Amino acid sequence: MKNSILEKDKQYIWHPYTQQKTAAEPLAIIKGQEALLFDENGNEYIDGISSWWTNTHGHSNPYIAKKIYEQALELEHVIFAGFTHKPAVTLGERLLGKIPYQKRVFFSDNGSTAVEIAIKMAIQYFHNKGIQRKTLVAFENAFHGETFGAMSASGDLSLNNAFKEHLFNIIRIPEPIGEDKEKSFAALEEVLQNNQVYAFIFEPLLQGAGGMRMYAPEDLDKLIAICRKHEVLCIADEVMTGFYRTGKFFASDYLKNKPDLMCLSKGLTGGTLPLAITTCTEEIFEAFLSDDKLKTFFHGHSYTANPIGCAAALASLDLFEQDSTQQNIEWLVSNHANFLKKIKGHPKLNDVRQQGTVLAFEFKTSQNTSYFNNLRDKLYYYFLDRGAILRPLGNVIYLMPPYCITKKQLLKLYNLIEQILTEDFI
Ligand SMILES: *Cc1c(COP(=O)(O)O)cnc(C)c1O
């Protein structure tokens, strides 16, 4: 019984982002509770990365589970073209209430499709208006997902080598990070002047997969202002930053200049079910209203606005509205700030940075890439062997736990970071 999961896994499963030839055996997880995951051998792990940035209220949250169960008994799914339902309209109303500059929600299943939809909406917005626009602008170290549009928009990661010739045209600009911020503004200005750009897509304030890179709201405000001047749409990919990861409900809450489209997914259902939303302004929505059927947005997925997913998202919003959740988030933010102060300047760290509930440590390394990969594995298993799931991005380790993490668990993560800095292999 005990090894049956792993045996069958080996026989039948192809895992994401995994070199199946050389990868170590996966851990068979049989239970999750709050910030903890339990494997089949009885070991427990603190989920320091919220299971790929999805989980917000802890694993197997009983309140969300109850709402999912109730919805499943009532209406599990219905086609969303020509039909509608209460969980979808309530979720639309409640979410848009928090981002009043956005007026419509369009549902899909995951972060990549949310991005794909935003890009398609931006392209067709100009097409419907009879305006010629051809190019998308994105940041150099961006990550926007796995489908072709999202992959095209993502930074030039070598991971996408096989697909390079099949990706569409993108112009990249540097992030406003470090000393040459002005380069970023100048690059955008120049690109928009000389190209027919339909949209600028960005991860607001915090770039996730690109290495937990952070930049200031004032600087994003400037970039958005440049886009406004050239009537270029702004797409905020909040797939990772949404739902309080940056300290506020959305990273865009820090901005004066608001985006035209937003992509939401990971934390949308509290990390329980796959669901995504692309939101847009009334102006964009109206560009699709016409007696000409060809101006319709011809896009939809089988599980668009799945009622059980919507019910999970509504339950997650209920939990976010509780004082205790808000206190947990504030507590996490201030604990991170204190630990940052304590560890900043450590000789083995290039940088320690925080954006809200995310704390990132950049390790010094002058080594080549293959060593890098070794270091990455060493770091990963060092933490895993000690009961913590922390998944390095190159030489960057970050903490992004569910908000219900306990004081003891959080201290353990901080201690492990301090401890690893005393090890010789770092
Ligand atoms: C994870 C991520 C995506 C892709 O979401 P999936 O659900 O994995 O398809 C897109 N954008 C950002 C910023 C992400 O972090």
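Residues numbered from 1 in each chain as written. Predicted model: local features only at pLDDT ≥ 70, side-chain atom pairs only at ≥ 80, totals over all residues. Heavy atoms only, no water.

A. View of the sheet that holds strand 3 (residues 44–47). An order of 1-2-3-15 is seen for the four strands of this open sheet, with the pairing classed as mixed. A strand with exactly one partner marks an edge of an open sheet, and here the two such strands are strand 1 (29–33) and strand 15 (388–389). As paired strands, strand 3 and strand 15 are joined by two bridges and run parallel to one another. Paired with D47 across the two strands is I389, which belongs to strand 15. (Pairing = 2+ DSSP bridges. Helix = DSSP H or I, 4+ residues; strand = E, 2+ residues; numbered from the N terminus.)

B. Seen up close, unusual backbone geometry. For E231, which is not glycine, the phi torsion reads 50 degrees and is therefore positive. Classification of E231 as exposed rests on a relative accessible area of 59%. The backbone phi angle of A305 is positive, close to 60 degrees, even though this residue is not glycine. Structurally, A305 is set in the loop between helix 9 (282–286) and helix 10 (307–320). You can call A305 buried: its relative accessible area is 0%. (Buried < 20%, exposed > 50% of the residue type's maximum accessible area, 1.4 Å probe, protein only.)

C. Region of interest: the site of the ligand. Contacts to the ligand come from W53, N110, G111, S112, F143, H144, G145, E203, D237, V239, M240 and K266. Between an oxygen atom of the ligand and a side-chain N or O atom of S112, the distance comes to 2.6 Å. The separation between an oxygen atom of the ligand and a polar side-chain atom of K266 is 2.6 Å. For the ligand, the protein covers 86% of the area, taking 380 Å² as the surface of the free molecule. The class makeup of the residues in the shell around the ligand is four nonpolar, five polar and three charged. (Near = heavy atom within 4 Å. Polar contact = N/O pair within 3.5 Å; in protein donor to acceptor, adjacent residues only side chain to side chain. Areas by Shrake-Rupley, 256 points an atom, 1.4 Å probe, with all protein chains shown as cover. Nonpolar A, V, L, I, M, F, W, Y, C, P; charged D, E, K, R; others polar.)

D. A look at the pattern of salt bridges. For the coordinates displayed, the defined rule picks out 16 salt bridges. The residue E321 makes a salt bridge to R94 at a minimum N-O spacing of 3.4 Å. Note that E321 is positioned in the loop between helix 10 and helix 11 (323–343) and R94 in helix 4 (residues 86–98), a separation of 227 residues in sequence. Using a relative accessible area of 24% as the deciding quantity, one classes R94 as partly exposed. Of the charged contacts, one joins R376 and D377 as a salt bridge, the two residues approaching to 3.0 Å between their closest N and O atoms. Its relative accessible area of 37% is what places D377 among the partly exposed residues. (Salt bridge = Lys/Arg side-chain N within 4 Å of Asp/Glu carboxyl O.)

E. Structural view of the environment of I117. In this fold, I117 is placed in helix 5 (residues 111–128). If we skip the residues at most four places from it in the chain, I117 touches F106, F107, S108, T278, F297, H299 and H301. (Contact = heavy atoms within 4.5 Å.)

F. A look at helix 5. For helix 5, with 18 residues, the first-to-last C-alpha span of 25 Å sits near the 26 Å given by 1.5 Å per residue. Most of helix 5 sits inside the fold, with 15 of its 18 residues counted as buried. Sitting at the amino-terminal end of helix 5 is N110, which places a side-chain oxygen 3.0 Å from the backbone nitrogen of S112. One or two positions beyond helix 5, positive phi appears at G130, with a value near 70 degrees. (Expected span 1.5 Å × (residues − 1).)

G. Spatial organisation of the nonpolar core. Judged by nonpolar contacts, the single largest core of 76 residues is most densely connected at L91, F200, F361, F383 and I417. The biggest single contributor to this core is helix 13 (residues 407–420), with six residues. Each of domain 1 (5–61 + 323–420) and domain 2 (64–320) accounts for three or more of the residues forming this core. Leaving out residues up to four positions away in the same chain, F200 has contacts with L136, V137, A138, F139, I173, L220, L223, C227, V232, L233, C234 and I235. F126, A199, I201 and F288 belong to the second-largest nonpolar core, a separate cluster that totals 28 residues. (Core = buried A, V, L, I, M, F, W, Y, C linked by side-chain atoms within 4.5 Å. Domains from an automatic or database assignment.)

H. Up close: the sheet that holds strand 4 (residues 104–108). With mixed pairing, the seven strands of this open sheet are ordered in space as 4-12-11-10-7-5-6. With partners counted over all chains shown, the strands left at the sheet margins are strand 4 and strand 6 (170–173), one partner each. Sheet twist, expressed as the average angle between the axes of neighbouring strands with direction ignored, equals 20 degrees. Both strand 11 (residues 261–264) and strand 12 (residues 276–280) contribute to a ladder of four bridges, which runs antiparallel. Each residue of the ladder has a partner; that of C263, found in strand 12, is T278. Packing against the sheet, helix 7 (residues 181–194) makes contact with strand 5 (135–139), strand 6 and strand 7 (197–202), and its axis sits at approximately 155 degrees to strand 6. (Axes fitted to C-alpha atoms, helices over the stretch in contact; angles between N-to-C directions.)

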